[in-house]
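Geometric and topological summary
In case you want the letters, here they are:
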Amino acid sequence: QTASDGTSTGNENNDGKTHQKCIFYDMLHSNNAARVRIWLRLHGGLEDQVERIVISHNDLHNGMLEHINPLKKVPAFRTDKGLALF
């Protein structure tokens, strides 16, 4: 998925409630983001539970990522509860 407004689509669980997905902000040429991609694959296919947003170099400078990581760097991660990790 490509960067747009940084919002996530919800998942509906068996209880009928909509839950926010975790979001992983990725960049194709980031070595550290590649490590996160590998970790997600190695730990039981977690990539199905995490929405991946691939951002471009321009997105780093236009403020798209600043609400998640004030340093404007990847990788960055937003949990399903809205907590930003970077």
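This structure is a prediction, so every number in the text was calculated from the model and none was measured.

Remarks on helix H1 (residues 31-42)
Helix length check: H1, at 12 residues, gives a terminal C-alpha distance of 17 Å against a target of 16 Å (1.5 Å per residue), a fit within 8%. Those residues of H1 that fall on the buried side of the exposure criterion are Ala-33, Arg-37 and Leu-40. Along the axis of H1, the buried positions cluster into a sector of 65 degrees, meaning they face one direction only. Every exposed residue of H1 that faces more than 90 degrees away from the buried side is listed here: Asn-31, Arg-35 and Leu-42. Contacts made by the buried residues of H1 are with strand E3 (22-26) and strand E4 (50-54). After H1 finishes, the residue Gly-44 shows a positive phi value of roughly 75 degrees.

As for the environment of Pro-75
Within the secondary structure, Pro-75 is located in the loop between helix H2 (57-61) and strand E5 (76-78). A sequence separation of 10 residues divides Pro-75 from Leu-85, and the C-alpha atoms of the two residues are 8.8 Å apart. With sequence-adjacent residues up to four places away left out, Pro-75 is seen in contact with Phe-24, Tyr-25, Ser-30, Asn-32, Ala-33, Val-36 and Phe-86.

Here's the deal with the pairing of E4
Sheet faces and side chains relate simply in a regular strand, where the side chains alternate between the two faces. With 4 of 5 residues buried, E4 lies mostly within the body of the structure. Relative to E4, E3 runs parallel, the two sharing 5 bridges. Residue pairing across strands places Phe-24 opposite Arg-52, the latter belonging to E4. Crossover handedness for the path E3 to H1 to E4: right-handed.

What about the nonpolar core?
The biggest cluster of nonpolar side chains holds 11 residues, and these are Ile-23, Tyr-25, Met-27, Ile-53, Ile-55, Leu-60, Met-64, Leu-65, Ile-68, Val-74 and Ala-76. Of all hydrophobic cores here, the second largest spans 5 residues; its members include Cys-22, Phe-24, Ala-33 and Leu-40.

Structural notes on the sheet that holds E3
With mixed pairing, the 4 strands of this open sheet are ordered in space as E4-E3-E5-E6. Only two strands of the sheet have a single neighbouring strand rather than two, namely E4 and strand E6 (84-85). Relative to E5, E3 runs antiparallel, the two sharing 3 bridges. Residue pairing across strands places Ile-23 opposite Arg-78, the latter belonging to E5. Contacts from H1 reach E3 and E4, with the element oriented near 140 degrees to E3.

Reading guide: rules and limits
Residues numbered from 1 in each chain as written. Predicted model: local features only at pLDDT ≥ 70, side-chain atom pairs only at ≥ 80, totals over all residues. Heavy atoms only, no water. Helix = DSSP H or I, 4+ residues; strand = E, 2+ residues; numbered from the N terminus. Expected span 1.5 Å × (residues − 1). Buried < 20%, exposed > 50% of the residue type's maximum accessible area, 1.4 Å probe, protein only. Arc of directions from axis to C-beta. Contact = heavy atoms within 4.5 Å. Pairing = 2+ DSSP bridges. Right-handed = clockwise from strand over helix to strand, strands pointing away. Core = buried A, V, L, I, M, F, W, Y, C linked by side-chain atoms within 4.5 Å. Axes fitted to C-alpha atoms, helices over the stretch in contact; angles between N-to-C directions.

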